[in-house]
Each structure stands twice: as C-alpha cells, then as structure tokens.
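# Structural description and commentary
Below, each chain spelled out in residue letters.
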Amino acid sequence: MKLDAKIPSGPLESKWTRYLSEIKLVNPANKRKYEIIVVGSGLGGAAAAATLGELGYHVKCFCYQDSPRRAHSIAAQGGINAAKNYQNDGDSVYRLFYDTIKGGDFRAREANVYRLAEVSAEIIDQCTAQGVPFAREYGGHLANRSFGGAQVSRTFYARGQTGQQLLLGAYSALCRQIQAGTVTMFPRTEMLDLVVVEGHAKGIVVRDMVTGEISSHSADAVVLATGGYSNVYDLSTNARGCNVTAAFRAYKRGAAFANPCYTQIHPTCIPVSGEYQSKLTLMSESLRNDGRVWVPKEKGDSRSPQEIPEEDRDYFLERKYPSYGNLAPRDISSRSAKEVCDEGRGVGPGGLGVYLDFSDAINRLGLDTIRERYGNLFEMYERITGEDAYHTPMRIYPALHYTMGGLWVDYNLMSNLPGLHVIGEANFSDHGANRLGASALMQGLADGYFILPYTIGAYLADCKGKRPPTDHPDFRAVEKEVEERTRKLLSINGKRSTQSIHRELGKLMWEKAGMARNADGLREAVSRIPGIREEFWQNVQVPGEGGEINQELEKAGRLADFLEFGELLCRDALDRNESCGGHFREEFQTKEGEALRNDEEYSYVSAWEFQGENQEPVLHKEPIVYDEVKMATRSYK
Amino acid sequence: MDLKLRVWRQKDRNSSGKLVEYDARDIDPEMSFLEMLDVVNERLIDSGDEPIAFDHDCREGICGACSATINGIPHGPHRATTVCQLHMRHFQDGDTLTIEPFRARAFPVIRDLMVDRTAFDRIVEAGGYISVGTGSAPEANTLPIPKDQAERAMDAASCIGCGACVAACKNASAMLFVAAKSSHLNTLPQGKPEKERRVLSMVAAMDEAGFGNCTNQYECSAVCPKSISEDFIGQLNREYFVASIKQQFTTK
Amino acid sequence: MGFAETVGLRNLGSLESGKMYCGVAVIVFSLSNFMEKTTARLFRSSLGKKYVMAVSGVILLLFVIGHLIGNLQIFAHPDVINAYAHFLQNLGPGLWAVRLILLATVVAHIWSAVELTIENRRARPDSYEVKDTIQASYASRTMRISGFIVLAFILFHLAHFTLQVVNPEYQDLYTELADGTVVHDVHTMMVAGFQNVWISLFYIVAIGLLSVHLRHGIASMLQSLGWRNRKIAGPLEKVSIGLSILYFAGNAAIPLAIMAGFVS
C-alpha cells in the first residue's frame, strides 16, 4: 500500500491558495454528468452535498436518520473556532493552526491543519449569511467566548446549541439543493457496504430501513461523512445510532484506517446510574471553574455527601495538581477520577462517579451568581438525575466523546482507495491525537463547504464517464454479500440480545482501552474480543424479518462491525508505545503522571490495512514531518 | 417500580394497529423513559417476541428523533422535556401508561411508535432557507444585527423538528413548526429579501402535506420540548397576510 | 330587540326595498368577484380561511356589542327604544347594506368554520386512544358546539322578534311616540316575549354560550391576524374575559328584569 499524502509543495502559508489555482477543474457543462454519493448528513455531509449540488454535480445523499437534520453534529454544544481576530487579542490563522497542532499533541498533519485554520474565517461568513443566529454583542457584532487550549477568544457560539444551529444552516442549504433537484436525499437508508470496481470506489450498497430493500447506487465518487466510532464503547456521548459500519466496510474493501486508538474522553459527564444505561450526557466543562472535585477519603464511605466532614474528603485534583487544581486538563482530570474510583472511593450507583461540589462557590458568590452562570446546566442535571445540585454535589464521571482516528486521507481528503473521499470526524487528518474544544464543528464544515468540493475535482477530472452501471458484476457480488450477511444475522436465533453483547464489548473496551491503557490490558482485549465476536455470531437473537423495519437487525449489523473494529483499535493502541493526546499508556508517563510522548519512534500516522477475515492487519506508517513547527512537550503548568 | 404499559403495535404503514398490554416490572426510577422501553424490549427479545419499534437517536433532547405520546401528551407529562429525557421518577408505582405514536395524517405510522415525518422536510425544502451559495457570503460583521433580534431568531431556531406540536394539536396543525422555521429566518436581516416568498411557499407546502389548522389553543407551545412561543405563529399569520396581499399587486 | 328588529326581513315584500336589495346584491357580487380574482390563493390557503374567520369574527363582535347597547335602552322609557327601532327601520338602503353585510359575515364565519373543521378532521384520521390537554381552555375546546347552539338561537331569535312568525300577534303592536309618530311597539314585544320562561331560559343559555365563544374568540381573532403576542396575552386574556362577562351580564339582565317585573 502506498500512502501518498500529496501535500502540495511550497511554503505552508501558500500551499492551499496555490494548490487551489492548480487543481483540475471540471467543465461546468460536464458537472451534470457526474454523480457523487455522500453518505451522512451531518455538518460535513450536508455541507458537502449542498455545495456539490450548487456546483452542478448530481448528488445522492444518504442518512440513517429519518431526516438529514438529525445527524449527531446537532448535539455539539460549545461552539466553533475561527481565526477572525474580532476580539483584537492577537489571533491569527497561524495561531489557530499552531494551537490545533499543539492541542493534537503533535500528531496531526501540518498542511491539513494549516488549511483548516485558513478557511475557518470563511465558515463564519457562510454560516452567518445562511442565518445561523450566532450570539451577538449589543452593538450587533458577533460575540466570542474562550475555550480550552487557547489563549485567545475565538469561539463563535449560539447559546449551548451551536452544533444544532450550524447543522440547521447546512441542512437548509441542502434542502435548497433538494428543491433545485441537484441533490436527491435518501433518509432512513443505511450504507452497508462499499463497491470497488477496478480499484476505484464506485458505489455503495444500502438497505432501505423502512422496506428492508437492499439496493446499489453507483457514482463517479463516494464521499463518506459518517462520523466517529465512540459507540464501540457502547456507552458514549454519541447518539445511539452512530456507528463505524460505513468506514469499517471501506476499510475491509481496502481503505486504510488511521490512528483508531486516538479517542477523546470528556471529564464532566453525568455518570452511569445502572446497567440499563443507554447514553451518557455531557455537561459543559465550564462547571469546573467553580466546582470542587472530591471523593471520600475512605473506601466504601456510604454517608451522604453532606454528612462527610471536610477532613474526610479528598479533593484529589487540588491535592495532586496544586497549581491547576480543579482546572487540570481533560485527560489528567479524567484519569484521576478513574484512579480514585478504581481504588473503590467512587460515589453514586456502581461507584463510578466523583463529586463536583459547588457549596464553596455558593457560599462565596451567592446562589444567584451560580444560578446565573450555570442555571441551564443545573437544570439539565436535575432533569436526568432528579438531584438538585445547588444543595447536593453533582456527580460526574468521564465519558467517551469524540474519536480523532478515522479513515486515512490525503491532502485531497481522498483515501488510498481512489474515488473514496472521507470528511469530518470520519477521517483522521486534522486533530492528531487530541481535538481542541470547538474544533470538530470547524473541521466538519471546512471539509464540507470549502475543501472537498474543490479537491474532489482533482479526482473527477481524470475519470470521465467511468461510472459503472449498478448491474455490473462487482455491484451484484457486493449486494449478494450484504444480503447473505443480513440473512445470517436473522437466522442465528440465539439467546442473547444485541444490546447485551454490545454492553459486554463496551465494558471490555472501556476497561482495557479506555482513558488509560496498558500493554497487558490491551493484549487481553485483543485476545478476548474474538470470543465475544464468536458469541455474537453463535448466540445473538435478531427477531423479525429483513423486509421490514427491524431495529434489532440494524443494531446487530452495526455491532458486528464494532466487534471487529474494537480489536483493530486495541491493536493500534498496543502498537503505540507512547502516551499522546487521547491515547494514554500507563507505562509511558512521567513521575507526575504526565503523558510521555515518544517523538523519536512514534511520530507517524498508523494506517492499518485489512488483510482478510481473521488475519492480522498490516500497519503502514506515514511519517509526520513538520516544516514549520517544532515538536514540544504539551505542558499545562 | 411496576408499571402496566399499553403500547400501540402496528406492523407497517398499511396494517392496522392496536394497543397491546405489557407488564413492565422492576423498573428503576432512575431510568429514562426510553431506557425503560429498552428494558421491556430486551425482555421481549429474550422471550422470542418482536421488540417495540420507536424512533430515538441522540437521547439528549436535541436531535428530535424520539416521539411518543404518553397518556395523551406528546413527550409525556414533564414540560419542556423530550421523551428521551423524561425519567421514570415522574411516574408512580402501579401506573398504567398508554403509549401511542404521534398521530396525524401527515405523519403516517410506519411501525409501532415510529412515524414518517418527512412532511417537515418538504416544508423546509419549499423555502426554509436563505439562498446563499457557498462562497458568496460577505464578511460576517459587515451586517450588524441587534442583539435582541438575534436572540429572537435563536428562540425560533431552537426548534428540534420533533413534531410534538403537530401531535398535540387537536387539528394536527404544523403551524408552530412552520412559524418557528420561517420566523427564525424572517427575523434576521439576511432572511428579509426572501421573506414573502418564503412564507407563501412554506404555508403552501404545509397545506399540501395535509396538516390541519391552528385554533389558537397553544397546546403546541405547551408540549414543545424547547418551549417555542406561539408568538411566532402570530408572526407567521401577519407575514403571510402581508405577503398574500402584496403578491396580488406585484407583477411577476 | 331593536336592532334585530330593524335588520329583520319583515318589509321584504315592498317594491322599494326590493330594488335596493338588487342594487346591494350587484355591489356585493362585483366586490366578491374582485376578491375572488385577486385573493383567490389567499382564501384557498389554510391561513386565508383563518383570516376570514377572524375578520368576520371582529365584525360580528362589533355587531353584538352594538346590538346589546341598543337593547339596553329597554331600561329607559318605552319611547326611547321604540324611537330607536323606528330610526333603524327607516334607514333605507343603509339598512339593507347592513343586513347584507351581516348576512355575508355570518355566512363567511360559518363557511370558514366548516371548511376548517373538515380540513382539521381530515388532518387526524386516527384519533388517540387516550386524550389529554395541558392548557387548552374550556372555551377554546367548545367553539364548535357553542357556535352551533348560538346559530340555532339566532335563527329562532330572528323568527321570534324579526320575522315574528313565532308570535304573529307581535306584528300588530303599535304605539305612538311623544311627537305623534306611530311606530312598532318594540318595547311591548320584548316584554311579552321574555315573559315566557322557556324563551328567556333558552335566551340566557344561548347568550352564555356566546359569551364563552367570545371568551376564546376575542384573543383568538387577534392571534389569527398576527396582532397578539405573549406580552399582551395576559391583559388581553383579562379583557376578553371581562368583555365576555359584561356581555353576558348585559344581555341576561334584560329577560331577568322582565321576568322579575322591573320592566313592563
């Protein structure tokens, strides 16, 4: 496998602008002749489908939700970064670029990140013109807030619903193109496989989730905008439907999967309350500005928090990190919480939680101030837990939240499989080993609006009229495989529900490949996952039929892929003998518990190539070369 | 806690459905309503039965996928809360809960509690956008927008498109949805050039989809998980009136 | 009932008024033709029908208020209401214009109600097994039934006091005003009419329902025309309740006073 990132030559600042003027264009009259498939309708997918439609291509857009507007981008709360420097605080494209590279723990590709920072400002213009109601100052100009990992204020937001508003903007642009007839939308349609014809990605096989019909769609190029894979852990902040199937199917058809071990944990989520839990809910990290994190000093202290006197409390973040205290970075706070819970000092049901106590802040600032600052979060907390956090401490616990890894792509956002383009969270390119807050929305929209619509021309211009018909034998073969797999899932007729097996996988992944990993644990996971997979294929119960709405069948199909993908994730984590960003290996840390990166040996992108069922995948390495920045230790002191 | 559920079961769009009773035993009050259904479903699967189909996705009250009517109230008894964020502690041990799909001609039931809400997409496609192509936007700060205007637009824009307004309206009217969508854009200066065209075509699409009419009872606003105000319906009424009159006196 | 009396069709047969009727009809026809052409789309849309409902509601509201004020003259000397009725009856073409506009308004109100009801029924073919509401007021949920009963009452009311077919003897009631003009004795007719307990009871019930109808109708028509918002909703609610109560009290006072013998 050849991994050519196709980074344009020239100085970093002018790579993109120069490349833009060199990219091959498709004649406007010819654009009509091209069909492009976009899978996913989140920020990346909707933006790309709309923009490609505007350019004159014929676009088919697919999503598993009942409406493109429901993609999980909608749940992003905080905001979107852009190097506008509206606050006159010294922001610049370079600074945003550098913050992103540094935040990614020096594991992202320089040229891609620089381009991302470059187009960031345009995104804000575009979204504003679409009617996204960003927060404003009294003067009528756009407001900004600050976010972690940056010393400037460059985050644009729309209350706590920025993702929703940006997605509705992209969705409205998409709707306009649907109305214009350039985009055909296929809601409740799930991609189940990729079709590769003569080495090029030329179509997909989908299942209509209402009628159960399995059909093929051919195109000149395929764009995957299918999001991340946090749900391999079963419990995450992702929507229940988020899955790795599209990306993993592409991997099995020859696309390289890059850095699957880079996963991000968010420290302030509402903890699990029981076995039945289906979803973890994130609360803004800003809560840590005024809340103090603690657990009882003694194991198994069952007193209610108010009854535990000061001297029996362990404010472990303040104790361990006196200078940063409760504001220690995400990964540090998350791991510390895990440590105290592993010691048996966790609070709440199952002992997986720590207190976030506002009583000091309320005494110091008054109830009203706290209510003003965090009222909506306290309300959300109460809705879910039934507890009043003004009077009893909140319970929080870290949760899986975002995945930086994804399909490998070059500078054109095309994978090593010609014709297959991957954008947004589904690709690996921009966040390195860790993503900064408010950068996911930026990347999705940058890819969808301003990068892919140009770079896809580079591929299309060379492949005139090569679209095969859907009755091509390669399509037929894949369709048959998909039908066969569906039939098999329905015929196992075992004893266990899909969810119970997913729970088992999730638990193992969380314990062995969660926020802290070690070689032994990962080896154990790699050896145990095939057993769970076996159990699944022998003993899962998928009731109902294929030719109707069958949510269990959908879940089972997705889990089947997670069961293979989980193993790949663990293998990648095992290979990476260093701690960087979201990947923390217990063996590689400083005495203070800081991540210990190994730039000498591991400054490469791990790109995994599928070798066949039950074969070990092969690791390819794309070296990370920095022309502009110098690798440094990420310090929070 | 133990509950008695009466759940609407319907095989597909063309079948007729009926309420089927289930016992939901040992339900943890900490569960969300959908988690309770998950548990009931796992038990159904274990006993070889088909689970209850229901729409859901984000489970944090923002995607708008979940939809069920509980004892006659869309999204259940807790105000400003989607059914995915409704927790079982709001019910009593021994309660009987009748769980039905959202009902409207424009939202045909496709299975059990799942309905087809693509009519909403048709309405947005008809005019719920600002016609600005990618790349043609001016610098964002060239057009200052008064804060209160932006806030008002945001109030309307927070609609999650779940359809509870339609489900709660005795006439299955989509006015709150259409009003929220059109008012969001019409309130902002960017949306003004297409304001009239927008309301005319969105209302036409709404009528065509077979929704009923608003009788100003504001049940929609009361069940709305985002508490969107019926004031936007007033705004739509006003804007549509002006647009219709203007349309008569404008040559195309 | 002074005003209703004048709007009645008792002198329909006279040649003069027949001509007037034709004239007004032509005007109405060409007006509606114009409306049809220019605003066809508007009135075919759901919102258009709501405007018809609201605008006709406003007109009918103004009418019933005027009507009530006219009727309250029953508490003055009999000559006052008789002179008032006489004045109205002799408005000539104006009277016919008013009658036709009112008729058209009632037709429009009912037409839009029927159209909207049909559409609304169609919009929910399968109803809920369990129904509940959070905040819809009693008045708003009974608009259809209150409207129906009020309509039935109006028909009876016209037959009773305007066409005077229920009690034909009312046609022979005449009295002389202070200036010597001989006029129809509306005062006596009303007193006679309301001495019948059943009629009074029906009247009071119908007025009660109409008040309930107005209680939702007043705020509702403003909403339909886009003139209501949450800021004024509170005061508006109070105004519509107050107005409905006053309307009920004013109307109910008449038969009650007659039955109690205060007016004779």
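Everything discussed here concerns the structure shown above.
Quick look at the structure, then. Given the structure is predicted, the values throughout are model-derived calculations rather than measurements. (Residues numbered from 1 in each chain as written. Chains lettered and ligands numbered in written order. Predicted model: local features only at pLDDT ≥ 70, side-chain atom pairs only at ≥ 80, totals over all residues. Heavy atoms only, no water.)

All names here are of chain A. In space, the five strands of this open sheet follow the order β11-β15-β14-β12-β13, with antiparallel pairing throughout. A strand with exactly one partner marks an edge of an open sheet, and here the two such strands are β11 (263-269) and β13 (313-314). Direction of pairing for strand β12 (residues 292-296) relative to β13: antiparallel, over a ladder of two bridges. Its bridge partner lying in β13, V295 is registered against D314. (Pairing = 2+ DSSP bridges. Helix = DSSP H or I, 4+ residues; strand = E, 2+ residues; numbered from the N terminus.)

You will see that N85 of chain A, though not glycine, has its phi angle at about 55°, which is positive. The class of N85 of chain A is partly exposed, set by a relative accessible area of 28%. With a phi close to 55°, Q164 of chain C is a non-glycine residue in the positive phi region. For Q164 of chain C, the position within the fold is in the loop between α7 (143-162) and β1 (174-176). Judged by its relative accessible area of 0%, Q164 of chain C falls in the buried class. (Buried < 20%, exposed > 50% of the residue type's maximum accessible area, 1.4 Å probe, protein only.)

Here we come to the interface of chain B and chain A. Taken together, the contact between chain B and chain A spans 79 residues of the former and 77 residues of the latter. A buried area of about 6,200 Å², summed over both sides, lies between chain B and chain A, and 50% of it is on carbon and sulfur atoms. Contact with chain A buries area across many residues of chain B, yet D57, T134 and M154 of chain B alone supply 11% of it, more than any other trio. Among the salt bridges present, the one from R117 of chain B reaches D66 of chain A, with a minimum N-O distance of 3.2 Å. Our enumeration of links across chain B and chain A arrives at 48 residue pairs in polar contact (both at pLDDT 80 or more). Contributing elements (two or more residues each) for the side of chain B that touches chain A: α1 (33-46), β6 (109-111), β7 (114-115), α2 (118-127), α3 (147-157) and α5 (175-187) of chain B. For the side of chain B that touches chain A, the leading source of residues is α3 of chain B, giving seven residues. Partitioning the side of chain B that touches chain A into residue classes produces 38 nonpolar, 18 polar and 23 charged. (Contact = heavy atoms within 4.5 Å. Buried area = accessible area lost by both parts, 1.4 Å probe. Salt bridge = Lys/Arg side-chain N within 4 Å of Asp/Glu carboxyl O. Polar contact = N/O pair within 3.5 Å; in protein donor to acceptor, adjacent residues only side chain to side chain. Nonpolar A, V, L, I, M, F, W, Y, C, P; charged D, E, K, R; others polar.)

With that settled, consider the packing of aromatic side chains. In total, this model carries 41 aromatic pairs over all chains according to the counting rule given. One aromatic cluster is present, built from ring pairs that chain together F153, F156, F161, Y170, F194, F202 and Y203 of chain C. The aromatic ring of Y157 of chain A is capped on one face by R145 of chain A, whose charged end is 3.8 Å from the ring centroid. Taking NZ or CZ as reference, R313 of chain A lies 4.1 Å from the ring centre of W294 of chain A, over its face. (Phe/Tyr/Trp six-rings, centres within 6.5 Å; stacked < 30°, edge-to-face > 60°. Lys NZ or Arg CZ within 6 Å of the ring centre and 35° of its normal.)

This is a description of form; function is not addressed.
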